[in-house]
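# Chains, contacts and geometry: an overview
So the chains spell out like this:
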Protein chains: 2
Amino acid sequence: MEKFADRIVKSSKKRRSKIILALDLNPSTSNLLDKGLKLLSQVSQSVCAVKINRHMLLPLGLFGGVERLVDYAHRLGLPAIMDCKLNDIGSTNRVMAEWFFKAGFDALTVSPYVGWEEGLEPVFRFSKEQGKGLLVLTYMSHKGAEQTFERALLAGYGKPKPAYKVFARWALEWKADGAIVGATRPEKIVEVKRILKGEVSIYSPGVGVQGGSLEEAVKSGADYLIVGRSILRAENPGEAAESLRERAWKAAGRRRGAT
Amino acid sequence: MEKFADRIVKSSKKRRSKIILALDLNPSTSNLLDKGLKLLSQVSQSVCAVKINRHMLLPLGLFGGVERLVDYAHRLGLPAIMDCKLNDIGSTNRVMAEWFFKAGFDALTVSPYVGWEEGLEPVFRFSKEQGKGLLVLTYMSHKGAEQTFERALLAGYGKPKPAYKVFARWALEWKADGAIVGATRPEKIVEVKRILKGEVSIYSPGVGVQGGSLEEAVKSGADYLIVGRSILRAENPGEAAESLRERAWKAAGRRRGAT
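Residues numbered from 1 in each chain as written. Chains lettered and ligands numbered in written order. Predicted model: local features only at pLDDT ≥ 70, side-chain atom pairs only at ≥ 80, totals over all residues.

## Side note on the interface of chain A and chain B
Test applied: Once C-beta atoms have been placed from the backbone, residue pairs whose C-beta atoms lie within 7 Å are recorded as contacts. Helix numbers and strand numbers start at the N terminus; a helix is a DSSP run of H or I with at least 4 residues, a strand a run of E with at least 2. Under the convention adopted here, Pro, Cys and the residues Ala, Val, Leu, Ile, Met, Phe, Trp and Tyr are nonpolar, Asp, Glu, Lys and Arg are charged, and Gly plus all remaining residues are polar.
In this complex, chain A contributes 44 residues to the contact, which on the side of chain B involves 44 residues. Elements represented by at least two residues in the side of chain A that touches chain B include exactly helix 3 (54-75), helix 4 (90-102), helix 5 (116-129), helix 6 (145-150) and strand 6 (153-154) of chain A. Among the residues making up the side of chain A that touches chain B, the classes are represented as 20 nonpolar, 15 polar and nine charged.

Right, dumping it as structure tokens:
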């Protein structure tokens, strides 16, 4: 089976889009499943994948509504990423991965803070067997992330380094399909990009409502932009997604032109 | 509403038990919900609470089977803890907490690795409003945990310290209802206990299948033992739970005698 990293490149090229829809609807939303399906159909020409988080998983259930969202995404030609940020002991991570893959997900997000042995190793092994992708949280988008992703110093590569630099190296060594770095910190995208040597893609959440600039993130090296609220809260989600698609594609063109 | 920390003390005294059942059934289990309900009834006299993880959440759904397990635990007089290890951005953590509390859970586990601002702060605020409890992962039970909980150095209290020592201080400052430290590392339980000054209880997973010694963990300062496979895989889960209850209660008596 083709690698997830290759499948999303194809989806991206086909639609000329670097936008991943984060389908994170509020608990106050009525008809959650219908709303989710409708949003998918509205933006499907402008995004290259969909990311689902616990906003949908908890109220709808994995084998209730979420599996239907994944099926529908697939019928629209979009890979589906589960943003579960796996951070349990290895045997539990493995159980979670098993259920998520059973529901059809193509890739999962994982937290490097549980380490490798009896932590993420069992999930990497299992995911590769299944032809599925894993994206490593490298520097999150919120303020408090500084407290740990930056100020935690990790050993293993010469003198202790800020955690996000070590996580980027791990993503490379573990042959992850992506590293996630918040668009709110474009300077960190630049640094992580250098460490990844073009072998692992950068996924960047935090554009829009969280304050990150789309153009800045792409210029700094983000390969995919994960966007939720700027699309979901727009009066016309289809148009909002299309406008973001165009802006990101143009910005990426300028980056290619510049290098 | 009474604090979660006080409610679990009452449940523990009433049953003379320090054992929390981790209801983590394998994906291969048939009739998962019935099996879960049956196990609860089998061990209800020997445990002081139940902890539910994604083993049940993913296949059954929160408002499918899991809510029924929580209801049943409550009817048996047992508080229910959701082991979700919250580690997302604050707004998402808040949404998750909202759904879990709606399903009836009394407490949640959280990961300190997302930091405070826009990380765990919104969940601590919300949980206190709701009279719910939060347990902070302080040192996990698996091997790979060393890579990060110990070898990550965190600033904030004089010179950078191993992460678990800083997390114990955070648990105290944040007025958490518990700190989770793996029974596989009793020497860390001792250190964390000293930092917590008796104001925050220690919850300890990893006894039995993972290799931790129950007596050693209690002697070192664990207030509650989270046990899954040693009970679930026993030929007679009720007897296994009762035997663990008795051993832990005795060990705690010796600790009280010693101090």
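## Considerations on the pairing of strand 2 (residues 49-52) of chain A
All names here are of chain A. Heads up, the rule is: Buried, partly exposed and exposed are defined by the number of other C-beta atoms within 10 Å of a residue's own C-beta, namely 20 or more, between the two limits, and 12 or fewer respectively, with C-beta atoms placed from the backbone. Any two strands between which DSSP finds at least two bridges are classified as paired. When the strands point away from the viewer and the path from the first strand over the helix to the second turns clockwise, the crossover is right-handed.
Alternating positions in strand 2 separate into two faces, Ala49 and Lys51 on one and Val50 and Ile52 on the other, with burial throughout. Relative to strand 2, strand 1 (residues 19-22) is paired through three bridges, and the arrangement is parallel. From the neighbouring strand, Leu21 faces strand 2, where its bridge partner is Val50. In the classification by handedness, the crossover that spans strand 1, the intervening helix 2 (residues 32-43) and the parallel strand 2 is right-handed. Two elements, strand 2 and strand 3 (residues 80-86), share three bridges in a ladder whose sense is parallel.

## Some remarks on unusual backbone geometry
Residues and elements named next belong to chain A. Located in the positive-phi region is Asn31, a residue other than glycine, with phi close to 50 degrees. Of the residues examined, Asn31 has 10 C-beta atoms within 10 Å and is grouped as exposed. In this structure, Lys85 takes a positive phi of about 45 degrees despite not being glycine. As for its position among the elements, Lys85 is in strand 3.

## Observations concerning the pairing of strand 10 (residues 224-227) of chain A
All names here are of chain A. By the alternation rule, side chains of strand 10 split into Tyr224 and Ile226 and Leu225 and Val227, which are all buried. Where strand 1 and strand 10 come together, three bridges link them in parallel fashion. Of the residues in strand 10, the one forming a bridge with Leu21 is Val227. Inspection of the sheet shows strand 9 (residues 201-205) paired to strand 10 by three bridges, in the parallel sense. Residue pairing across strands places Ser204 opposite Leu225, the latter belonging to strand 10. For the crossover from strand 9 across helix 9 (residues 214-220) to strand 10, the handedness is right-handed.

## Description of the sheet that holds strand 2 of chain A
Residue and element names in this part refer to chain A. What counts, and what does not: To obtain an axis, a line is fitted to C-alpha atoms, over the contacting stretch when the element is a helix, and the angle between two such axes runs from 0 to 180 degrees between their N-to-C directions.
Around the barrel, eight strands lie side by side as 1-2-3-4-5-8-9-10; this closed barrel has parallel pairing. Adjacent strand axes in the sheet meet at a mean angle of 30 degrees when their direction is disregarded. Helix 5 rests against strand 3, strand 4 (107-110) and strand 5 (133-139) of the sheet, and its axis sits at about 145 degrees to strand 5.

## Notes on the sheet that holds strand 3 (residues 80-86) of chain B
Taken in spatial order, the eight strands line up as 1-2-3-4-5-8-9-10 (chain B) and close into a barrel, and their pairing is parallel. The sheet shows a mean angle of 30 degrees between the axes of neighbouring strands, direction not considered.

## A short note on the nonpolar core
Quick note on the threshold: Connectivity within a nonpolar core runs through C-beta atoms within 7 Å, and the core itself is a set of buried Ala, Val, Leu, Ile, Met, Phe, Trp, Tyr and Cys residues.
One finds Leu225 of chain A together with Leu225 of chain B to be the most contacted residues of the largest nonpolar core, which totals 176 residues. Those residues in contact with Leu225 of chain A that lie beyond four places of it in its chain are Lys18, Ile19, Ile20, Ala183, Ser204, Val207, Leu214, Ala217 and Ala248 of chain A.

## Here's the deal with the relation of the copies chain A and chain B
Keep this limit in mind: Least squares is used to superpose the copies, and the fit set is the C-alpha atoms of residues whose pLDDT is at least 70 in both copies.
Mapping chain A onto chain B is achieved by rotating through 180 degrees and translating by 0.0 Å along the same axis, at an RMSD of 0.0 Å. As the rotation angle and translation indicate, the two copies are arranged about a two-fold axis. Mapped onto chain B, 100% of the interface residues of chain A again fall at the interface, so both copies present the same surface.

## A closer look at the confidence of the model for chain A
Condition: pLDDT expresses, on a scale from 0 to 100, how confident the predictor is about each individual residue.
Within chain A, residue pLDDT values average 95, and 99% of them lie at 70 or more. On the interface metric, ipTM, the complex scores 0.95, and its pTM is 0.97.

## Digging into the environment of Arg125 of chain B
All names here are of chain B. Along the chain, Arg125 falls in helix 5 (residues 116-130). Classification of Arg125 by C-beta neighbours within 10 Å gives exposed; the count is 12. Put simply, Arg125 and Ser243 are 118 residues apart on the chain and 39 Å apart in space, counted from C-alpha to C-alpha.

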